[in-house]
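Each chain, letter by letter, is given below.
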Amino acid sequence: MDPIFDSKKDKQRYLDYVYKRAVKHAFKELIDKKVIVPDQVEDIFFFTDEHSTATNGRYELRKSLERELKTGTYNMNYSCYFPPIFPKAQNIQVFFCNSAKKTLIRAADIVANKIYYLAVSGQMDQLKQFQNLFYMNLP
């Protein structure tokens, strides 16, 4: 999907979309495994690496996550409503952190780079050894 990467704003919008989808997927897995009880979630805080917040989309990352997790989303193209997975959530916050100052952000970068390497080198089967790793393939 090369056209996505022709514009910085298109690229950031796509990366925010992927982030939102991956977060929802991981939360759903944790709910299915009974690690999280959806009705008990009141506050969700995201600590993510600093990145551009300018997109050509309608919503910034925080608002997009809030709609996906707290209020639900409606897809007008397919006339489908996707209910929220945390309907009782009160607060969703996103903090953009400098990886030079936050150790866990650096650790997440290292893990992401390893997964990226395995993906581009055709070695995704190696990820099966990690029991608590959630991943999904997107275009």
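Just so it is clear, the model here is predicted, and its values are computed rather than measured.

### Concerning the nonpolar core
Across soluble globular proteins, you tend to see nonpolar side chains buried next to one another. Core analysis: the biggest nonpolar cluster contains 15 residues, and F27, I44, F46, L65, L69 and F86 have the highest contact counts within it. Secondary structure elements with two or more residues in this core: α1 (8–32), β1 (43–49), α2 (61–71) and β4 (91–97). With near-sequence residues (within four places) excluded, F46 lies in contact with Y19, V23, F27, L65, L69, I92, Q93, V94 and F95.

### Some details on the packing of α1 against α2
Contact geometry for α1 and α2: axes closest at 10 Å, N-to-C directions at 35°. Pair α1 / α2 crosses with right-handed handedness. Across from D16, Y19, K20, V23, K24 and F27 in α1, the residues of α2 making contact are L61, S64, L65, E68 and L69. A class-by-class count of the residues in the contact of α1 with α2 yields six nonpolar, one polar and four charged.

### Observations regarding the packing of aromatic side chains
Under the counting rule described, the total for this entry stands at six aromatic pairs. Seen from their ring centres, F27 and F86 are 5.1 Å apart, and the 85° between their planes marks the pair as edge-to-face. With F27 in helix α1 and F86 in the loop between β3 (80–82) and β4, this pair connects stretches of sequence that are 59 residues apart. What makes F86 buried here is its relative accessible area of 1%. Grouping aromatic residues by their ring pairs yields a cluster made of Y19, F27, F46 and F86.

### Details of the pattern of salt bridges
Following the criterion strictly, the structure yields five salt bridges and no others. A salt bridge links R62 to E60; the nearest nitrogen and oxygen atoms lie 3.7 Å apart. For E66, the salt bridge is made with R62, and the minimal N-O distance between the two is 3.0 Å. On the criterion of helical spacing, the pair formed by E66 and R62 is a turn pair, its members being four residues apart in helix α2. Residues joined in a network through salt bridges with shared partners are E60, R62, K63 and E66.

### Considering the confidence of the model for the protein
When pLDDT is averaged across the protein, the result is 88; 94% of the residues are at 70 or more. Within the protein, β1 carries the highest mean pLDDT (93), whereas strand β2 (residues 73–75) carries the lowest (88).

### What about unusual backbone geometry?
The phi angle at K34 is positive, at roughly 65°, despite the residue not being glycine. Along the chain, K34 falls in the loop between α1 and β1. Even without being a glycine, S79 presents a positive backbone phi close to 50°. Position of S79 relative to the elements: it lies in the loop between β2 and β3.

Here is what the cut-offs are and how they apply
- Within every chain, residues take consecutive numbers counted from 1 along the sequence as written.
- Side-chain atom pairs in this predicted model are given and counted only at pLDDT of 80 or more, local residue features only at pLDDT of at least 70, and totals for whole chains, interfaces and linings cover all residues.
- Water and hydrogen atoms play no part in the side-chain values, which are based on all heavy atoms of the structure.
- Nonpolar cores were defined as sets of buried Ala, Val, Leu, Ile, Met, Phe, Trp, Tyr and Cys residues, with membership established by side-chain atoms within 4.5 Å.
- Partly exposed residues are those whose accessible area sits between 20% and 50% of the maximum for their type, while under 20% is buried and over 50% is exposed, using a 1.4 Å probe and protein chains only.
- For the purposes of this entry, the term helix denotes a DSSP run of H or I that reaches at least four residues, the term strand denotes a run of E that reaches at least two, and both are numbered from the N terminus.
- Residues are treated as being in contact if the distance between any of their heavy atoms lies within 4.5 Å.
- All axes are obtained by fitting lines to C-alpha atoms, using only the stretch in contact for helices, and the reported angles, taken between N-to-C directions, cover 0 to 180 degrees.
- Here a crossing is called left-handed whenever its near helix is offset anticlockwise from the far helix by less than a right angle, and right-handed whenever the offset is clockwise.
- Throughout, the ten residues Ala, Val, Leu, Ile, Met, Phe, Trp, Tyr, Cys and Pro are labelled nonpolar, Asp, Glu, Lys and Arg are labelled charged, and all others, Gly among them, are labelled polar.
- Between rings of Phe, Tyr and Trp, where Trp is taken as its six-membered ring, a pair exists when centres lie within 6.5 Å; planes separated by under 30 degrees are stacked, by over 60 edge-to-face, and by other angles tilted.
- For this document, the term salt bridge refers to a Lys or Arg side-chain nitrogen within 4 Å of an Asp or Glu carboxyl oxygen.
- The predictor attaches a confidence to each residue, called pLDDT, with possible values from 0 through 100.

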